[in-house]
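# Chain and residue survey
Spelled out, the chains give:
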Amino acid sequence: MNIFNYKRRQSSVANIGNTPLGGNNPIRIQSMTSTNTNDTEASVEQSIRIIEAGADYVRLTAQGVREAENLKNIKEEIRKRGYSTPLVADIHFNPRAAEAAAKYVEKVRINPGNFVDGAKTFDGKELTEEEYAAEINKIRTKLTSFLNICKEHKTAVRIGVNHGSLSDRILTRYGDTPEGMVESCMEFLRICIEEDFRDIAISMKASNTVVMTKAVRLLVEKMNAEGLAFPLHLGVTEAGDGEDGRIKSAVGIGALLSDGIGDTIRVSLSEDPEYEVPVAKKLANYIKERENHPEIKATVNSGFSPFSALRRQTYAVGNIGADHLPVVISDRSNGDFDFNIHFLPDYIYVGKNLTERTPRAISLIIDFETWTNEKNTYPLFTKDNLNKAGQVNSDIKFVRLSYPELTDDILSILKADKSIVIILTTNHINGVGEQRAFIHTLMNNDCEIPVILQRKYNENEAEDLQIKAAADLGAVLLDGFGNGLMLQNSGNIEYKKVDAYAYGILQAARVRTSKTEYISCPSCGRTLFDLQSTVARVKESTSHLKHLKIGVMGCIVNGPGEMADADYGYVGAEKGKISLYKKQTCIEKNIPSDLAVERLVQLIKENGDWKDPE
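In what follows, the accompanying structure is described. Treat the numbers as computed from the prediction; the structure is a model and nothing was measured. (Residues numbered from 1 in each chain as written. Predicted model: local features only at pLDDT ≥ 70, side-chain atom pairs only at ≥ 80, totals over all residues. Heavy atoms only, no water.)

## Section: the pattern of salt bridges
Selection criterion: Salt bridge, as used here: a side-chain nitrogen of Lys or Arg that lies within 4 Å of a carboxyl oxygen of Asp or Glu. Labels follow the DSSP assignment, with helices taken as runs of H or I lasting at least four residues and strands as runs of E lasting at least two, numbered in each case from the N terminus.
For the structure on display, the rule yields 47 salt bridges. For Glu 463, the salt bridge is made with Lys 282, and the minimal N-O distance between the two is 2.7 Å. Here Glu 463, found in helix α12 (residues 462–478), pairs with Lys 282, found in helix α9 (residues 276–288); they are 181 residues apart in sequence, far enough to count as distant. It is possible to trace a salt-bridge network through shared partners that takes in Arg 246, Glu 271, Lys 282, Glu 463 and Asp 464.

Okay, structure coming up:
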């Protein structure tokens, strides 16, 4: 992997019906139905909507043998309607359902965390090597039987690891870690190779973008070490809906796509599944634009690890850098001073103009040529006038620079003046690579200066800006770089919304929290309540609780696990019944769904985490 220059990882090919995955094939797009798989008509109609939205694969849940058998009827009707798109069965807990589904669909997803292992089988007991080997043999017996059916019917397999449903056996040895996710996958993968079965795709999913990206990168390294290159499916589980779901998905998926990793993607939104497809296509197409870009020459810092969640070490300049939260700088140089009070920027860039209308309550950044040292204002330099920075008395001096401008002379000035903060801009088509190159060069020269990441777009559609900015800025933030963001857009989107997107990107990259975080699943045939309306009701009651993470999960398959770092959880227990969680502990079971939101609020109050809306 070249972190500065984009090139897709070369994977092996998995044959999936008429739509092979990996190799030189394009990045494939997929989504998943939310209908009951026993309802043939509804499943067919929704599958066709997904296909017509542009999906390359359609996934359906099959929680039991009855649902798996009905995939035959669904497939026959879809083919009768003239659609040849491969179908994928999604299996949890039930090897018999997987074996049944493999006879009818083009691919079956199995979860190593629950394909054979039961929940809490060992209750924290550390297994001996002999006991662990015996458990692997149990898996081998079940998996080999399944693979033989797949071979007979030319059915591909996805080994789909979820952070939220690691087996108790893995948890006892590796804990709830990316390393555990990788080993969970490799155990199954090695058996597949022993059985000479290679039509395989792999996924490593989490709702935490840091965990998800680290797990995938670790898996790629592990496969490389063992001479393997299976194609990868990317996704951020339980990303949510609306703006938050799009930004969070683009941060996690976009970071890996920027590295050239990923052969198929699903953007999981708590919305109708056909709405996921255009978002995924936009993201994949945006990253593809980087192909064959002008080379970026730089040297990777020897202390950098793509597997680490540590932030780059910097010193503090005012409230920027060191242990301070990343700041948001808003470009208001056009004189628009309409703000969202929930997403007030830390600094405003006003260009050359400081008028009576300019708000003085927020720190101001002004072009050096017109800066007058008024209280709470700071000058902005460029490479052309940076030599004058030493003559200026200001607690903070901002300097806008790009990687091509980082000469030895500029670097000397930056190292000598501890009041400078860099605003790092780029016009390169692979801006992620160029901004990485700049920061690695600083690190190679022992320069711990704070860096604000700046990106500029020209978008008129909110979704386009959310996807592009989140993919670009999220990739660099997840490297551990960036002491703030300056997100600019010259298109027809309100500036206060652009500020909100900047805060959303910081939150999705898990470096600054500014609003309640909702970990909500995208719904599927296992979902036990109307997810979209429920998420809306939970948000209506709790969206002012900015200090909390709240999970809203349709069923128990990934619910408690994916809510690993959620403060409270709302999980489908059975039809019309909800269980409430505090962290990963179930507090109340089988609450009628019409009372559950009110009871969730009460639970938050009882634990002292409630604040009245302002």
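## As for the pairing of strand β13 (residues 363–367)
Which entries qualify depends on this criterion: Residue exposure (1.4 Å probe, protein chains only): buried if accessible area is under 20% of the type maximum, exposed if over 50%, otherwise partly exposed. Whether two strands pair depends on DSSP finding at least two bridges between them.
Counting buried positions along β13 gives 5 out of 5 residues, so the element sits mostly inside the fold. Note that strand β12 (residues 347–349) and β13 share 3 bridges and pair parallel. Bridging across to β13, Tyr 349 finds its partner in Ile 365. Here β13 runs beside strand β14 (residues 377–381); their pairing, made up of 4 bridges, is parallel. Residue Ile 366 lies in a different strand from β14, and its bridge partner there is Pro 379.

## Some points on the nonpolar core
For the record, the criterion: What we call a nonpolar core is a set of buried Ala, Val, Leu, Ile, Met, Phe, Trp, Tyr and Cys residues that are connected through their side-chain atoms within 4.5 Å. By convention here, the domain bounds are inherited from an automatic or database domain assignment. Note on contacts: a residue pair is in contact if any heavy atoms of the two residues lie within 4.5 Å.
Membership of the largest hydrophobic core comes to 166 residues, with the highest contact counts inside it found for Phe 146 and Phe 398. The dominant element in this core, judged by the number of residues it contributes, is α12, at 10 residues. A domain-level breakdown of this core finds at least three residues from each of domain 1 (11–236 + 260–282) and domain 2 (316–509). Those residues in contact with Phe 146 that sit more than four places away from it in its chain are Ala 98, Glu 99, Ala 102, Val 108, Ile 110, Phe 115 and Val 157. Leu 531, Leu 545, Ile 550 and Ala 596 belong to the second largest nonpolar core, which has 18 residues in total.

## A closer look at the sheet that holds strand β11 (residues 327–331)
What counts is decided by this rule: To obtain each axis, a line is fitted to C-alpha atoms, and for helices this fit is confined to the stretch in contact; angles are then taken between N-to-C directions over 0 to 180 degrees.
If you walk around this closed barrel you meet the 8 strands as β11-β12-β13-β14-β15-β16-β17-β18, and the pairing is parallel. Geometrically, the sheet is characterised by an average inter-axis angle of 25 degrees between neighbouring strands, direction not taken into account. Where strand β15 (residues 397–401) lies against strand β16 (residues 420–424), 5 bridges are found, and the strand directions are parallel. In the sheet register, Phe 398 faces β16, and the bridge partner there is Val 421. Here helix α11 (residues 431–444) sits on the sheet and contacts β15, β16 and β17 (451–457); the angle it forms with β17, its principal contact strand, is near 165 degrees.

## Quick word on the side chain of Thr 264
Operational definition: A 3.5 Å cut-off defines polar contacts: any pair of N or O atoms within that distance qualifies, except that in protein one atom must be a possible hydrogen donor and the other a possible acceptor, and neighbouring residues in sequence count only when both atoms are side-chain atoms.
Mapped onto the elements, Thr 264 comes out in strand β10 (residues 264–265). Residue class for Thr 264 comes out buried when judged on its relative accessible area of 0%. For Thr 264, the side chain forms a polar contact with the side chain of Gln 30, separated by 2.9 Å. Residues within four places of Thr 264 in sequence aside, it is in contact with Leu 21, Ile 27, Arg 28, Ile 29, Gln 30, Tyr 57, Leu 232, His 233 and Leu 234.

## A closer look at the packing of aromatic side chains
Our working rule: Pairing of aromatic rings covers Phe, Tyr and the six-membered ring of Trp, with a centre-to-centre limit of 6.5 Å; geometry is then stacked below 30 degrees between planes, edge-to-face above 60, and tilted otherwise.
As enumerated under the stated definition, the model contains 8 aromatic pairs in all. Residues Phe 343 and Tyr 503 carry aromatic rings whose centres are separated by 5.8 Å and whose planes lie at 40 degrees to one another, so their mutual orientation is tilted. Here Tyr 503 lies in helix α13 (residues 495–508) and Phe 343 lies in the loop between β11 and β12, a separation of 160 residues in the sequence. For the residue pair Phe 343 and Tyr 503, the accessibility class agrees, reading buried in each case. Three or more aromatic residues joined by ring pairs form one cluster here, namely Phe 115, Phe 146 and Phe 188.

## A short note on helix α4 (residues 129–153)
How we decide: To estimate the expected span of a helix, subtract one from its residue number and multiply by 1.5 Å.
In this model α4 runs 36 Å from its N-terminal to its C-terminal C-alpha over 25 residues, within 8% of the 36 Å that 1.5 Å per residue would give. Taken together, the buried positions of α4 are occupied by Tyr 132, Glu 135, Ile 136, Ile 139, Leu 143, Thr 144, Phe 146, Leu 147, Ile 149 and Cys 150. The elements touched by buried residues of α4 are α3 (95–101), β6 (107–110), β7 (156–162), α5 (168–174) and α6 (178–194). Positive phi shows up at Lys 154, right after α4, with a value of about 55 degrees.

## Description of the packing of α11 against α12
Quick note on the threshold: Should an angle fall under 35 degrees it is taken as roughly parallel, and over 145 as roughly antiparallel, whereas 65 to 115 is taken as roughly perpendicular and any remaining angle as oblique. Handedness of a crossing follows from how the near helix is turned relative to the far one, being left-handed for an anticlockwise turn of less than a right angle and right-handed for a clockwise one. Residues are sorted three ways: Asp, Glu, Lys and Arg are charged, Ala, Val, Leu, Ile, Met, Phe, Trp, Tyr, Cys and Pro are nonpolar, and all the rest, Gly among them, are polar.
Contact geometry of α11 with α12 gives a least axis separation of 9 Å together with a crossing angle of 25 degrees. It follows from the interaxial angle that α11 and α12 lie roughly parallel. Seen from above, α11 lies across α12 with right-handed handedness. Contact with α11, carried on its side by Val 432, Gln 435, Arg 436 and Ile 439, involves Ala 471, Asp 472, Ala 475 and Val 476 of α12 and no other residues of that element. Residue composition of the contact of α11 with α12, by class: 5 nonpolar, 1 polar and 2 charged.

## Points about the environment of Glu 574
Here Glu 574 lies in strand β21 (residues 568–574). On a C-alpha basis, the gap between Glu 574 and Ile 591 in space is 9.8 Å, while along the polypeptide they are 17 residues apart.

## Here we look at the sheet that holds strand β20 (residues 549–553)
One open sheet holds the 5 strands; their spatial order is β19-β20-β21-β22-β23, and the pairing between them is mixed. This sheet does not close on itself; its edge strands, each paired only once, are β19 (517–520) and β23 (585–592). Taken pair by pair, the neighbouring strands of this sheet meet at an average axis angle of 20 degrees, ignoring direction. In terms of strand pairing, β20 meets β21 through 4 bridges, oriented parallel. Along β21, the bridge assignment pairs Ile 550 with Tyr 568. Where helix α14 (residues 531–542) meets the sheet, its contacts fall on β19, β20 and β21, and the angle it forms with β20 comes to roughly 160 degrees.

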